[in-house]
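# A structural walkthrough
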Amino acid sequence: PLERRSKRLEKQNLQNEKKPESKEDEIVEAEQDPETEVVAGPGGEPKVGMVFLNEDKAYEFYVSYAGTAGFNVRKGCSEKTANNVTKSRAYVCSKEGFRPKSFTAEPKKQRAETRTGCEAHMTVKITTSGKYVVTECVADHNHDLEAPVVDIQILRSQKLLAKLQQPPDPPKVVLIPNDYKNYVRTRHTTDMQLGDARAISEYLQRMKGENPSFFCSIQVDEDDQFRNVFWADVKSVMDFNYFGDVVCVDTRYSISDYCRPLLLFIGVNHHKQPTIFGTAFIYDESVESFKWLFETFKSAMSGKQPRTVLTDRSTAISDAVASAWPGTAHRFSLLHLYQNATKVLSDTFQGSETFAHDFSRSLYDYEEEGDFLSSWEILLVKYNLKDNEWLSKLYEDRERWALPYGRDIFCADIAATLRSDNMDAILTGVLKTEIDLPYFFNRYDKFLEEKRLAEQEADYLGVQMTQRVPPLRLLWQAANTYTPALFELFRLEFELVLACMVYCCGEIGPISEYEVTVKNRPQVHFVRFDSSEYMVLCSCKKFEFVGLPCCHALKVLEIKNIKELPPQYILKRWRKDAQSESPKENFGFAAVDEDPKFTVSKRHNSLYRTLYKVAAKAAENIEGQRFMESQYDQLLEQVELLLQAKLHDKPSLSTIMRSQQPNLPQNDTSNSEPRRASSKKNKNVENRRQQQSPLESSKKKKGRQGMFIT
């Protein structure tokens, strides 16, 4: 032991002798200070011999130069002294070298290789005076540099630069033009990951290049730093046209500390499937940010706002909705309430195997006020939560979220749809901050594609599949009109008709009132029927809330001997042909011709959306594609004639269209006869109608009258 101790002491003495006594001794081998001052080259390019006050100033300079040149910077190899003083440091291009390969037994998902072995770098070494001088500089890259982006600062290292002290005359950084800036006057609440700004910018540029009608907007803060972004493609805009009456603003991902702040605008299509109207990253959750977001969404949807919006219980969101979407009914989302409960009441969730089930039932299963109130009271007593402040405030707001309340607000049963969907499980995994954002965009686009493919499959099955129903006219009508998903809900209501008991309360003219109860259900509902307009109203307000007739109303129709649903009780959004009507017909695109201030870009977007459905249908088979291609030259020629007529003040456009009428595509492609023959055919049909006997005409009238009552 003594010999070991003596050897250890000798070793320590030798190490102490090797240590320099001061910083001056450490830099004996340092570079000499240059005798002449060296300045940067054109565009701020670094030159050998440039001197910086310290290491941070050198890094700051190279990052600034990289920002104007179009690449990112990484700190490379360094050499330090025993006192942790940097003797030399290399600043390299972010694409320097190659990512090391993983040799683990179960490797993680492979990220896309972004490095190219680029040798561009700048190396600095400490001088005898303690400053740093550039000793090596390679400016050439073996890859394409980033093109300047007018929307945001895209380079990863630019965010680091913003945290450092700005040099006296830094190189100019490309920022958003004043005409496109949307400012948020508060500091951000969520830090953006390094590289995210560039990845978002590249994604938006690529999508805009592929589709000029792709909508995107960016908000920056007072320092022109990237804060919030929103985007929506043409399919999302068209889906909002058909199903945008109810929207859920899904902020579940933005409140997580481990995920990027994704926000989704979600609706429900005619198959009761979730559909996405728009996407956003919200790094600042202030009232101003949400107000900007909702106004931007409304602008993307050509000025149309939802009839009902469901959100989290947030003061900022509530204020923004009231300001940006006046007239829109606002309710709280059950999905968000349940998620918040799992965090606030985490001890109760973990300490009981039944609380999650009981709490979920209180949210989703009770549509009668008495049932809800009794279940809530039992829940508080059973789990000793009567004094819980969060639940008390939630109960005070019950009229804005509980199912028995606000039944006159149309919600399209979106709560049940989102509850049964696994969207959050799919997206949460790719939103983690350690996952590259380009990988997220790739997965997210595939996610959207899968959702839309599921809708197409449901459309196909809805047309091809024949429902097996009893020979009842009401069921046959519903089966042929509703999508299969909605028909199943209608069938459940129809089956309850047999269990309904009706009591007449009186009649006044065409109006009659009834009390309807369902077997084993104590609640009494009042139904009013107006025979003059075939209107039926029920106190349960299922039709107003979901858009589907309730069993109470169906029972009254039955006793009134009405065999088919009046058309006003079959909502267009739930029909198989919900998307049959042109976007121009109910989305305000007719205003293009009326508004002289409408820009060329907006007219282009309008036409693109109008023809999108035609292109989608024609692409389903080769014959459709060939037909559309065969008509392209003729349509283009007609457009040219229209433009020439406008330019030379020629006669009206209808004159030109009449001269070109035989070349227009016909409804029936097999018929090549000219228009004149078609007109003659119409006259013959009209003559045959006039020659019908009064008896035949009377029979047809009776058939039409028996549409509702038999």
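Residues numbered from 1 in each chain as written. Predicted model: local features only at pLDDT ≥ 70, side-chain atom pairs only at ≥ 80, totals over all residues. Heavy atoms only, no water.

The protein chain is annotated in an unreviewed UniProt entry as Protein FAR1-RELATED SEQUENCE from Aegilops tauschii subsp. strangulata. According to the UniProt record, the Sequence similarities (unreviewed entry) comment for the protein chain reads "Belongs to the FHY3/FAR1 family." (UniProt positions renumbered as here; feature names shortened; annotations may be inferred.)

## Describing the nonpolar core
Among the nonpolar cores identified, the biggest contains 100 residues, and F281, F359, W401, Y482 and F490 are the most heavily contacted of them. In this structure, this core is formed jointly by two domains, domain 2 (179-332) and domain 3 (473-574), each of which donates at least three residues. Of all hydrophobic cores here, the second largest spans 31 residues; its members include F297, A300, V321 and W325. (Core = buried A, V, L, I, M, F, W, Y, C linked by side-chain atoms within 4.5 Å. Buried < 20%, exposed > 50% of the residue type's maximum accessible area, 1.4 Å probe, protein only. Domains from an automatic or database assignment.)

## Overview of the pattern of salt bridges
By the definition in use, this model includes 29 salt bridges. A salt bridge links R407 to E367; the nearest nitrogen and oxygen atoms lie 3.6 Å apart. Of this pair, R407 sits in the loop between helix 13 (389-396) and helix 14 (414-419) while E367 sits in the loop between helix 11 (355-364) and helix 12 (369-382), placing them 40 residues apart in sequence. Classification of R407 by relative accessible area gives buried; the value is 8%. On the basis of relative accessibility, which here comes to 41%, the residue E367 falls in the partly exposed class. What you see here is one network of salt bridges that share partners, running through R206, E210 and D445. (Salt bridge = Lys/Arg side-chain N within 4 Å of Asp/Glu carboxyl O. Helix = DSSP H or I, 4+ residues; strand = E, 2+ residues; numbered from the N terminus.)

## Brief notes about the packing of aromatic side chains
Counted by the stated rule, this structure contains 42 aromatic pairs. With a centroid separation of 4.9 Å and an interplanar angle of 85 degrees, the aromatic rings of F349 and F355 are classed as edge-to-face. No difference in accessibility class separates F349 from F355, as the two residues are buried. Among the aromatic residues, those joined into a ring-pair cluster are Y338, F349, F355, F359, F372, W376, Y383, Y395, W401 and Y405. When the ring centre of Y395 is taken as origin, the NZ or CZ atom of R398, which lies over that ring, is 4.2 Å away. In this structure, R407 is placed above the aromatic ring of F545, and the distance from its NZ or CZ to the ring centre is 4.4 Å. (Phe/Tyr/Trp six-rings, centres within 6.5 Å; stacked < 30°, edge-to-face > 60°. Lys NZ or Arg CZ within 6 Å of the ring centre and 35° of its normal.)

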